[in-house]
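Structure at a glance
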Amino acid sequence: MKTRALVSLEFVVVSFVISTAFCGLPGSAFAHSFSAHGLLQTKTKPVAVGKKDSGKIDLISDVRQMTFVGLRAGEGYFSPDGRMMVFQSEREEQNPFYQIYLLDRDSGRSVRLSPGDGKTTCAWIHPDRKRVLFSSTHHDPLVKQKTEKEWEERRNPVKGKYSWSFDDEFEIYEVAVGDALKTGKAPEAKSLKRLTEAPGYDAEASYSPDGKKIVFASNRSGYKDPKTGKEADTLTEAEKKIFAQDPSYLMDLYIMNSDGSGVERLTTARGYDGGPFFSADGSKITWRRFAPNGQFAEIMVMDLKTRKEKQLTNMKAMSWAPFFHPSGDYVVFTSNKLGYTNFELFIVDTAGKKEPVRVSFLDGFDGLPVFLPNGQEISWTRRDEKGESQIYIAKWDDGWARSVLGLGREVPKLAGRKDGLGTGLRPEIREQDARAWVSYLASESMKGRRPGSAEEKVYVQEIARTMREMGLEAVVQPFEFTSGVTLGQGNRLRMRERGAASDLTVEKDWMPLSISKSGDVMEAGAVFAGYGIAAPASDKIAAFDSYEGVDPSGKWVVVLRDLPESISTDRRFHYHLYSRPQHKALVAKQKGAVGVILIDHPNAAAGAGLSVLKFEGASEVGIPVVHMAPALVNRLFAGSGKSQAGKSLASMMRALDRGEVQSHALAVSLGGKLDLQFQKASALNVYGRLRGSSRRLGPVILGAHGDHLGLGESGASLARKSEQGHVHYGADDNASGVAALLEVAHSWTSRKRPERDMIFAVWSAEELGVLGSNYFLSQWKGPKIHAYLNMDMVGRLGETLSVQGTGSARQWRGLLESWVERWPVAISSVADPYLPTDAMAFYLKEVPILSFFTGAHGEYHSPRDRYETLNFKGLVEIAKVVDAASVELAKADSRLTWEKVEAGRPQGGEGRSFRLYLGTVPDYTQEGVKGVKISGTSKDSPAEAAGLRAGDVIVALGGIKIESIYDYVYCLQALKADVTVPVQVLRGGRTVELKITPKLKT
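In short, a report on the structure. Within each chain, residues carry numbers counting from 1 in the order of the written sequence. Note on the predicted model: pLDDT of at least 70 is required for a residue's local features to be given, and 80 or more for side-chain atom pairs to be given and counted; whole-chain, interface and lining totals, by contrast, use all residues. Think of the side-chain values as coming from all heavy atoms in the structure, minus any hydrogens and water.

Describing the overall build of the protein
Secondary structure elements follow DSSP: runs of H or I no shorter than four residues count as helices, runs of E no shorter than two count as strands, and numbering proceeds from the N terminus. Secondary structure summary: the protein contains 19 helices and 50 strands in total. The buried label applies to any residue whose accessible area, calculated with a 1.4 Å probe on protein chains only, is under 20% of its type's maximum; exposed applies above 50%, and partly exposed to all values in between. The buried share of the protein, taken over its 1002 residues, is 58%. The contact criterion used throughout is that any non-hydrogen atoms of two residues lie within 4.5 Å. Partitioning the contacts of the protein with sequence separation of at least 6, the portion at a separation of at least 24 is 69%.

Encoded structure:
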């Protein structure tokens, strides 16, 4: 099985212990926290969610070591484009302390930026990449003595406990990088600019994203101002003693202009505030705050506009070194919550609503984490059992991080983006980029990407912008469709009981269904027909008819929703198809009913409400269909005749639920008017074109649909009762296909110009009947399309990839045979081109198609189709398969001959539950058509033999009037194999009578 296989941190190295601390972890507080107080030994554990087999979260994968030189290295921070890293390292032979180095990740070159003397820490690259910020003590008059003292301590075989030095000579400097990376020489002294001169420790500084501000930590408030001789804070004698022992006690955060002017104090709390970083938009900072006694530290954020602080953690542990994800939605940090020497990485949402989630699983020290600007990589410092530390980098799963934190309060930007594509996405097909796209499209805030929604506009514009930045010609193509239904002003229903009439209130007493016919309804009597099911016999189950003993002609029919509760599993399975509201209404209609009233089972009546009016994505059934509130049901059955006098619905339910027939006339009549207003909306296709060298050759089109089910408003949702109204994320269906498509599109932009045009399309309204792809084809004016490759649900690769539609061109099987040995996945071939996806729209226009599919699953069309269920490595392999196929098809000498597929298999909209076969292919773009419009017929089918043509509208079949696809499906069940029946079609404005002979499917 090809399954999700990320590399967990636990496979990199194990059994580490801490022996040193980095910038901003105070020595005295650090040592104090490890004392006998035992404050860190708590039974409460942070949340840890992850794979079923390990119980761990594989948010980090493909771990690589970045630095190797020197005893220790750490605190690596990256330039805005991610191509440079500044870090501190002990690698100078003449100096035991950290110095600052800049690494060019493209060339692999690194150079020292600091002077080489004294101590340094906490560097940061300016957004212009020309300057670097760091703190240093090289100006200290006692620098040589302090250096020699450090050498002596390190030569001592008995090591003392390490603690970070809050040297009061630390000041903040800015250095001009110049051509240091090219020459390999450190910048000259004149390149240094000192930005702070206050007494005390000034360090832990970083630039704001626009480079205009610097936030830093300082304990200057505990020192006397050399000009005035006064302390910034008024300290008690006790506080003075604490400060003398622990300089971090009065550490606070400050902000200043990037030239060192305009210093403002941000925090005043006692205890250490340090290690501040800006969010990517510059609106917030995050830092760690130690308790005044230094026993634990928590993670904080501040809104810089209001200066309001928020505590994100309450772990009562040493939680420190926080860093924002570029989205600003969550923070990564280090904590020893799980043991005082076992520092691990955690994440927490910036709203502080969720418990922190552990994301690394190693003994020993993992700390000082930072996200790279693309949001899809993470870097941190690891320390081994010898006390040696180096910097590591790995892939980061932003999508899964969002999932475990329950994020999605607003539509996130695509990871790695600010104003342009930047380094977030790259031309090579890679898992990191596929994850970014799926994370973006299947986020909570995309609200299921319903066609015509505000979220669709957002993601379409994002895709269009990305396509342009890739170098494609991007086109956003709007089209109109029916998107919803509302109640009009004219809805009224009157019920007459024992001669007295009363008006029923819509939305309180009754509610029409969207499949209902609108218009006036003459007053008519009513009959009860149990569950309203009319099911034919099968080879195991006898025929069943709820209408036995009652004539519904000219009357309203009252029927229960759903199925009998106490029948056998075989009967439930058999009756299921005939229990849908549409089918019950069609049965009633064909039996002459004027309308249908749906009621609830008495067991469900307590607290049950009316159905919510929602668009089912289908046309009306031809008669009124309403749902009546439970409170009104008893009135329907009151005084219902001598044979049923006093017999309530509840008293009949036991027999009904056993599958017995219980039908009779009711002593009520109803009439009125139904007024449903159908809404129109504009959906959006988006596609990018890469121009080929020949305009006469037909293009190769690759496509995937971007829309999904929103909150499950349509009847296509398979959400469980507890999931109804929740976001249908559509990670597999079809964020996976869009991700694969965009990966292939991006790979094409790095190649030589193709001979044919290449078009990469994201369709809308596929879930409503492949409307977007059909609209595109209706507007196509270019040369005949050479081939279409479709990706719909490609995120669950198991043992094989299903390649569908191979019967659509004579050459496909031969091509597959020549390609498959070079492909990284095993495939299974399916000839049938009549597929419930956009590929069928192209096939019906006589375009050879291939559709790539990894199979159905239990999360299909439900809120459970989430990011974390996907096999991303498999997704990337499929993208490479499609990419390789598109390269071959783009050649001028590529030859494909469209084939009409022979009959004998389930086709089009007839469904796979019926054994009879006609070979018609409904046109799913039809709106406002009375009847069923067909797009064509399959080869050698009964429909083809009968003379049906593309564009025909079937209005009658076997003597039954056809007004909708529901009527058509109902009629198929009434026909018999090899028995010829009349079929009536509208063709070119006139009625044509034909004969058709259904066949059994083989």
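Digging into helix H9 (residues 581-590)
An α-helix turns once every 3.6 residues. As a result, residues three or four positions apart point the same way. Here H9 lies mainly inside the structure; 8 of its 10 residues are buried. Within the span of H9, buried status applies to Gln582, His583, Lys584, Ala585, Leu586, Val587, Ala588 and Lys589. Just past H9, the residue Gly592 takes up positive phi, approximately 95 degrees.

Points about the packing of helix H6 (residues 431-441) against helix H13 (residues 731-748)
Here H6 crosses H13 at 140 degrees, and the two axes come no closer than 9 Å. Considered as vectors, H6 and H13 are oriented oblique to each other. Helix-helix and strand crossings are classified by hand; for H6 and H13 the assignment is right-handed. Here Asp433, Ala434, Trp437, Val438 and Leu441 of H6 come into contact with H13, specifically with Ala731, Ala735, Ser736, Val738, Ala739, Leu742 and Glu743. Only Asp, Glu, Lys and Arg are considered charged, only Ala, Val, Leu, Ile, Met, Phe, Trp, Tyr, Cys and Pro nonpolar, and every remaining residue, Gly among them, polar. A per-class count over the contact of H6 with H13 returns 9 nonpolar, 1 polar and 2 charged. To obtain each axis, a line is fitted to C-alpha atoms, and for helices this fit is confined to the stretch in contact; angles are then taken between N-to-C directions over 0 to 180 degrees. These descriptions rest on fixed angle ranges, namely under 35 degrees for roughly parallel, over 145 for roughly antiparallel, 65 to 115 for roughly perpendicular, and the rest for oblique. The crossing is said to be left-handed when, going from far helix to near helix, the turn is anticlockwise and less than a right angle, and right-handed when the turn is clockwise.

Digging into the side chain of Arg358
Position of Arg358 relative to the elements: it lies in strand S21 (residues 357-358). Judged by relative accessible area, Arg358 falls into the buried class, the value being 17%. Here the side chain of Arg358 touches Glu344 through a polar contact of 3.4 Å, side chain to side chain. Between N or O atoms, a polar contact is any pair within 3.5 Å; within protein, one atom must be a potential hydrogen donor and the other a potential acceptor, and residues adjacent in sequence are included only when both atoms are from side chains. Side-chain polar atoms of Arg358 contact the backbone oxygen of Ser360, separated by 2.7 Å.

Describing the sheet that holds strand S39 (residues 787-791)
At least two bridges found by DSSP between two strands are what make those strands a pair. Spatially, 8 strands are ordered S25-S36-S38-S37-S39-S42-S40-S41 in an open sheet, and the strand pairing comes out mixed. Looking at which strands have only one partner, the edges of the open sheet turn out to be strand S25 (473-487) and strand S41 (827-830). Here the average twist between neighbouring strands, direction ignored, is 20 degrees. Summarising the sheet, strand S40 (residues 801-804) and S41 pair through 4 bridges and their orientation is parallel. By the bridge assignment for S41, Leu801 is matched with Ile827. Relative to the sheet, helix H14 (residues 771-779) contacts S25, strand S36 (676-690), strand S37 (700-705) and strand S38 (758-763), its axis offset from that of S25 by approximately 125 degrees. Helix-sheet contacts for helix H17 (residues 872-889) involve S37, S38, S39, S40 and strand S42 (849-853), and the interaxial angle to S39 is about 175 degrees.

Observations concerning the nonpolar core
Put simply, a nonpolar core is a bunch of buried Ala, Val, Leu, Ile, Met, Phe, Trp, Tyr and Cys residues held in one set by side-chain atoms that sit within 4.5 Å of each other. Residues Ile60, Ile347, Trp396, Val438, Leu702, Phe760 and Phe852 are the most contacted members of the largest nonpolar core, which totals 126 residues. At 10 residues, the largest contribution of residues to this core is made by H13. For Val438, the residues in contact, after removing those within four places along its chain, are Ser443, Ala731, Ala735, Ser736, Ala739, Tyr867, Leu870, Phe872 and Leu875. Counting residues in each nonpolar core, the second largest holds 42 residues, with Ala529, Tyr966, Tyr968 and Ile996 among its members.

Thoughts on the environment of Ala524
With respect to the helices, strands and loops of the structure, Ala524 is situated in strand S29 (residues 519-529). Sequence spacing of Ala524 and Lys555 is 31 residues, and the spatial spacing of their C-alpha atoms is 5.3 Å.

Looking at the environment of Ala716
Structurally, Ala716 can be placed in the loop between S37 and H13. The partly exposed category is assigned to Ala716, whose relative accessible area is 28%. Taking C-alpha positions, Ala716 is 8.9 Å from Leu768, a pair spaced 52 residues apart along the chain. Other than its neighbours up to four places away in sequence, Ala716 contacts Leu709 and His861.

Quick word on the pairing of S42
Among the 5 residues of S42, 4 are classified as buried, and the element is accordingly described as predominantly covered. Bridge count for S39 against S42 is 4 bridges, and the pairing is parallel. What sits directly across from Asn790, in S42, is Ser851. Relative to S42, S40 runs antiparallel, the two sharing 3 bridges. In the strand pairing of S42, Val803 is matched with Phe852.

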